[in-house]
Structure formats: C-alpha cells, structure tokens
Amino acid sequence: GDSVTQMEGPVTLSEEAFLTINCTYTATGYPSLFWYVQYPGEGLQLLLKATKADDKGSNKGFEATYRKETTSFHLEKGSVQVSDSAVYFCALTQGSGSEKLVFGKGTKLTVNP
Amino acid sequence: DVKVTQSSRYLVKRTGEKVFLECVQDMDHENMFWYRQDPGLGLRLIYFSYDVKMKEKGDIPEGYSVSREKKERFSLILESASTNQTSMYLCASTGTSGRAREQYFGPGTRLTVT
C-alpha cells in the first residue's frame, strides 16, 4: 500500500538557520502531496501542497517541490524562526473521493533563539 | 473559516467505561475522519465517513465504533475503554469539490484511560 517516510527527529536549529526535512513516498499512480504542521497544543493545519510532478508548494517561507523521479517532497525554509517550532507531517492522498490521507510519522522541530 | 470542534480537550476515563468523543464541522463537508496520534507512530486512521450513516474502517478500527447521524457530526465510541487507548484523538473533515482537497482538523482530545 501507499506509504510516507520522513526523516526522524527531533531536529534542533538556531534561529535563522536553513531547514530541510526529508520526505519520500511510495504510491501507485499520481498522488497529491502535503505538508501539515502541528503547533504545540493544537490540531494539524495545512502548510502547503502540490498536486502534480514538478509543482512547488509554498507558504510562510516554506517550500517543497513534487519530484516524481525521486518520489520526494522535501520541506525547506531558508531562515527559521522560533515561532516555527512545531511538528511537521508529510502526507499523500490518492484523491479517490474519500480523500484519505497517508501520513509520515512526523518530525519535531525546535528552533532556539 | 472552517471550524472543526471536538467536545473535550482533555478526558480521563476508567477502564471498561463507554466513551464518546464528539466532532462537529461547520462547512457542510461530506467526509469526516477520526485519527489517533501517538509518539513515534504519527497519525493513524481509525474510521472515516463519506456521508451520513456511511462509514468505513481505517487502519486501526479494533475497539472503536463510530456514528454519523447528521452530516455535521461524527462520533467516535470506545465501547469498553482500555489503557492502550490512552492517546490523542484528532477529528478532521474535507469536502468533495476541487482537487487535492485539504483536510481540516479539530484541536484534538487527549484521552487518558486509567
């Protein structure tokens, strides 16, 4: 079945450092790809998405590019802030009507001042 | 703004109790989901519903049941709570129009079974 693998955390960075969180997937067909973020004490919220190969999703300074040849959707940000401290989840959906999501296990990011 | 609300943020129950977790969404979404979130395991789908009175099992349905009598409300039921059901429970909903439809999540219910 479909699956998502993302780098294990936790990841600890200093403010203004460059962030990469790796995500690779296994899926049949052409899934849509997502990054969700969970701030402390809250539910998940969509950070960005991409629906086809070579699409780049971006939001709040974060970006990720749908790479079909490497089955990857790595999350990047050029300069992280303390407020980016959260858990990040990579996910995919086949969009078959039910919109079921398959999630990675999450990566906890802590940004220190 | 889409709003998904869950009946409780924190809940403590005893082993063997029947537990109801309620979720309500205000966007007229067809699809609703229940997940549990555990450290190191990420989110796992328990059940989902694609219409009123319709439901399908997710990846870990054992020990749970669901009810969807109205479009806006999706309930998760633990028939006889056990300690291994101590977890964070997240509800989500999504519509059926457009492509790559976003799931909207509630704030979660942290359930402790003692």
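The structure we're discussing is the one just above.
Quick summary incoming for the structure in this document. All figures in this text were calculated on a predicted structure; none of them were measured in a lab.

Conventions used here
- Residues numbered from 1 in each chain as written.
- Chains lettered and ligands numbered in written order.
- Predicted model: local features only at pLDDT ≥ 70, side-chain atom pairs only at ≥ 80, totals over all residues.
- Heavy atoms only, no water.
- Helix = DSSP H or I, 4+ residues; strand = E, 2+ residues; numbered from the N terminus.
- Rg over C-alpha atoms; globule rule 2.2 N^0.38 Å.
- Buried < 20%, exposed > 50% of the residue type's maximum accessible area, 1.4 Å probe, protein only.
- Lys, Arg positive; Asp, Glu negative; His and termini not counted.
- Charge placed at Lys NZ, Arg CZ, Asp CG, Glu CD.
- Contact = heavy atoms within 4.5 Å.
- Buried area = accessible area lost by both parts, 1.4 Å probe.
- Salt bridge = Lys/Arg side-chain N within 4 Å of Asp/Glu carboxyl O.
- Polar contact = N/O pair within 3.5 Å; in protein donor to acceptor, adjacent residues only side chain to side chain.
- Core = buried A, V, L, I, M, F, W, Y, C linked by side-chain atoms within 4.5 Å.
- Pairing = 2+ DSSP bridges.

Turning our attention to the overall build of chain B. Scanning chain B for helices and strands turns up 0 helices and 11 strands. Written out in order from the N terminus, the α and β elements of chain B read β-β-β-β-β-β-β-β-β-β-β. The C-alpha atoms of chain B give 13 Å as radius of gyration, which agrees with the globular expectation for 114 residues (13 Å, within 12%). On the principal axes, the C-alpha backbone points of chain B span a range of 45 × 30 × 25 Å. Across the 114 residues that make up chain B, the buried fraction comes to 49%. Of the side chains in chain B, 17 bear a positive and 15 a negative charge, and the two mean positions are spaced by 4 Å.

With that settled, consider the overall build of chain A. The secondary structure content of chain A amounts to 0 helices and 12 strands. From first element to last, N terminus to C terminus, chain A shows the α and β order β-β-β-β-β-β-β-β-β-β-β-β. On C-alpha atoms alone, chain A measures out to a radius of gyration of 14 Å, which is about the 13 Å that the 2.2 N^0.38 rule sets for 113 residues. Residue burial in chain A is summarised as follows: out of 113 residues, 46% are buried. Within chain A, counting contacts between residues at least 6 apart in sequence, those at least 24 apart form 56% of the total. The distance from the centre of the 10 positive side-chain charges to the centre of the 12 negative ones in chain A is 5 Å.

The next point concerns the interface of chain B and chain A. Between chain B and chain A, the contact holds 23 residues from the first and 21 residues from the second. Surface buried jointly by chain B and chain A totals about 1800 Å² across both partners, of which 53% is contributed by carbon and sulfur atoms. On inspection of chain B and its partner chain A, the count reaches 0 salt bridges. The interface formed by chain B and chain A contains 3 residue pairs in polar contact (both at pLDDT 80 or more). Where the side of chain B that touches chain A is concerned, the elements lending two or more residues are β4 (31-38), β5 (42-51) and β9 (87-94) of chain B.

This paragraph deals with the nonpolar core. All names here are of chain A. Of all hydrophobic cores here, the largest spans 26 residues; its most connected members are W35, L47, L48, F73, L75 and Y88. Listed by contribution, the elements that provide at least two residues to this core are β2 (11-14), β3 (19-21), β4 (23-26), β5 (32-38), β6 (44-50), β8 (62-65), β10 (86-93) and β12 (107-112). It is β10 that contributes the most residues to this core, 4 residues altogether. Not counting residues within four places of it along the chain, the set of residues in contact with L47 comprises W35, Y36, V37, N59, K60, F62, L75 and Y88.

Residues and elements named next belong to chain A. Side chains V4 and Q6 project from strand β1 (residues 3-6) onto a buried face, and the interleaved S3 and T5 project onto a face without burial. Here 4 bridges tie β1 to β4, and the two strands are oriented antiparallel to one another. Bridged to Q6 within β4 is C23.

Attention now moves to the pattern of salt bridges. One pass over the full model with this rule turns up 10 salt bridges over all chains. Residue D55(A) pairs with K52(A) through a salt bridge whose shortest N-O separation is 3.3 Å. Close ionic contact of R44(B) with D38(B) constitutes a salt bridge, the shortest N to O distance being 2.9 Å. The partly exposed category is assigned to R44(B), whose relative accessible area is 25%. Given the relative accessible area of 11%, D38(B) is considered buried. Salt bridges linked by common partners bring D28(B), E30(B) and K71(B) together as one network.

Next up on the list: unusual backbone geometry. Residue and element names in this part refer to chain A. Omega for the bond connecting G9 with P10 falls within 30 degrees of zero, at -5°, which places this linkage in the cis form. Within the secondary structure, P10 sits in the loop between β1 and β2. Not every positive phi belongs to a glycine, and D54 is a case in point at roughly 75°. On the secondary structure map, D54 appears in the loop between β6 and β7 (56-59). Here D54 falls in the exposed class, since its relative accessible area comes to 54%. The phi dihedral of K60 falls on the positive side, at around 55°, and the residue is not glycine. Note on placement: K60 falls in the loop between β7 and β8.

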